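# Architecture and fold: a report
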Amino acid sequence: MFIQPWDAALDDAEWQAWIAEGHDFGILSVNGPPGRAPVVVPTHFTVDGSALLVHLARPNPVWETLEADPNVTFTVTGDYAFVPGPWRAKPGTPATDGVPTSYYAAVQFACRATIVDEPEAKAELLRRQVAYFQPEGDHAVVDPDQPPYGRMLPGIRGLRLDVTEVRAKFKYDDHKPVEQRADTARRLTERATGLDAPTAAQQRRRLDRVGVWKA
């Protein structure tokens, strides 16, 4: 992922807060066998300290390549929108001279994967995930010796992804004049399609952060 200096996260706290806001679905990319494309799997995940927790079906094709090479990339994207060219035209130039772009936030985790196969360890991984995604507690006990999870655990394998590097990108035209960026946020809010609203919120948040720093 190419990151211009003005698109980089302002600090680690920025991307950590973004993930914690509920960006908990991403793409696991695993090296494929020699001569074949990478294996790419969309999945939910939970954070456990400096690691990500995932579980996948046992027939998933990732396992063979993971056993050969545990180095993987996990990518989370969100708050994205298409920005038309006229919105980005330089002040004093024709609107049609503006070049369109995409706004988005993305965090890429380089990880070393450990397969979790022992029944109790898998159950504990699931407990952590269920506690995060279903905090109300309206679910059966995750126990390898009790239904319904006991009979289902053999059909999955867990993954602990220990993060070795993080690359975070917040592409919201931070190199453009403040007035133009504020106007783009307004236009996104007015257009109100797709993820325009959260994209506008990210742009305003970045404007606020830079404004505080400059003060």
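Let me sum up the structure you'll find in this document. By convention here, each chain's residues receive numbers from 1 onward along its written sequence. For this predicted model, a pLDDT threshold of at least 70 governs which residues receive local features, and a threshold of 80 or more governs which side-chain atom pairs are given and counted, while totals over whole chains, interfaces and linings are taken from all residues. Only hydrogens and water are set aside when side-chain values are computed; all heavy atoms of the structure are taken into account.

### Quick look at the overall build of the protein chain
- Each helix is a run of H or I in the DSSP string that is no shorter than four residues. Each strand is a run of E no shorter than two, and both are numbered from the N terminus. A count of helical and extended segments in the protein chain gives 6 helices and 7 strands.
- In sequence order, the secondary structure elements of the protein chain are arranged as α-β-β-β-β-α-β-β-α-α-β-α-α.
- Over its C-alpha atoms, taken along the principal directions, the protein chain stretches across nearly 70 × 45 × 30 Å.
- The proportion of buried residues among the 215 residues of the protein chain is 40%. Each residue is assigned to one of three classes by its accessible area relative to the maximum for its type, calculated with a 1.4 Å probe on protein chains only: buried under 20%, partly exposed between the two thresholds, exposed over 50%.

### Some remarks on the nonpolar core
- Judged by nonpolar contacts, the single largest core of 34 residues is most densely connected at Leu28, Phe74, Phe109, Leu159 and Leu161.
- The dominant element in this core, judged by the number of residues it contributes, is strand E6 (residues 101-116), at 6 residues.
- Here, two residues are considered to be in contact whenever any of their heavy atoms come within 4.5 Å of each other. Those residues in contact with Phe109 that lie beyond four places of it in its chain are Trp15, Ile19, Leu52, Val72, Thr73, Phe74, Val76, Val163, Glu165 and Val166.
- Buried residues of nine kinds, namely Ala, Val, Leu, Ile, Met, Phe, Trp, Tyr and Cys, make up a nonpolar core once their side-chain atoms join them within 4.5 Å. Ranked by size, the runner-up nonpolar core spans 5 residues in total, among them Ala123, Leu126, Leu153 and Ile156.

### Concerning unusual backbone geometry
- A cis amide bond links Pro147 to the next residue, Pro148, at an omega of 0 degrees.
- Summarising the element assignment, Pro148 is placed in the loop between helix H3 (119-133) and helix H4 (149-152).
- Look at Asp79: it is not a glycine, yet its phi comes out positive at around 45 degrees.
- Along the chain, the position of Asp79 falls in strand E5 (residues 71-83).
- Classification of Asp79 by relative accessible area gives buried; the value is 7%.

### Concerning the environment of Ala185
- For Ala185, the location among the structural elements is in helix H5 (residues 178-191).
- The exposure class of Ala185 is buried, given its relative accessible area of 0%.
- Leave out the neighbours within four places in its chain, and Ala185 touches Ala200, Gln203 and Arg204.

### Structural notes on the pattern of salt bridges
- One side-chain nitrogen of Lys or Arg within 4 Å of one carboxyl oxygen of Asp or Glu is enough to make a salt bridge. On inspection of all chains with the given rule, the structure shows 18 salt bridges.
- A salt bridge links Asp173 to Arg88; the nearest nitrogen and oxygen atoms lie 2.8 Å apart. In this pair, Asp173 is assigned in the loop between strand E7 (156-171) and H5 and Arg88 in the loop between E5 and E6, connecting sequence segments 85 residues apart.
- On the basis of relative accessible area, Asp173 is assigned to the buried category, the value being 5%.
- Among the residues examined, Arg88 registers a relative accessible area of 12% and is labelled buried.
- Between Arg128 and Glu124 there is a salt bridge, and its shortest N-O distance comes to 3.4 Å. Taken together, the positions of Arg128 and Glu124, both in helix H3 and 4 residues apart, correspond to about one turn of that helix.
- In this structure Glu124 comes out as partly exposed when scored by relative accessible area, which is 31%.

### A few points about the sheet that holds strand E4 (residues 51-57)
- Pairing between strands is defined by DSSP: at least two bridges between the two strands are required. With antiparallel pairing, the 7 strands of this open sheet are ordered in space as E2-E1-E5-E6-E7-E4-E3. Strands at the two margins of the open sheet, each flanked by one partner only, are strand E2 (39-44) and strand E3 (46-48). Each strand axis lies, on average, 35 degrees off the axis of its neighbour in the sheet, ignoring direction.
- Between the N-to-C directions of two axes lies an angle of 0 to 180 degrees, each axis being a line fitted to C-alpha atoms and, for a helix, fitted only over the stretch in contact. The strands touched by helix H1 (residues 12-20) within the sheet are E3, E5, E6 and E7, with E6 carrying the most contacts at an inclination of about 80 degrees.

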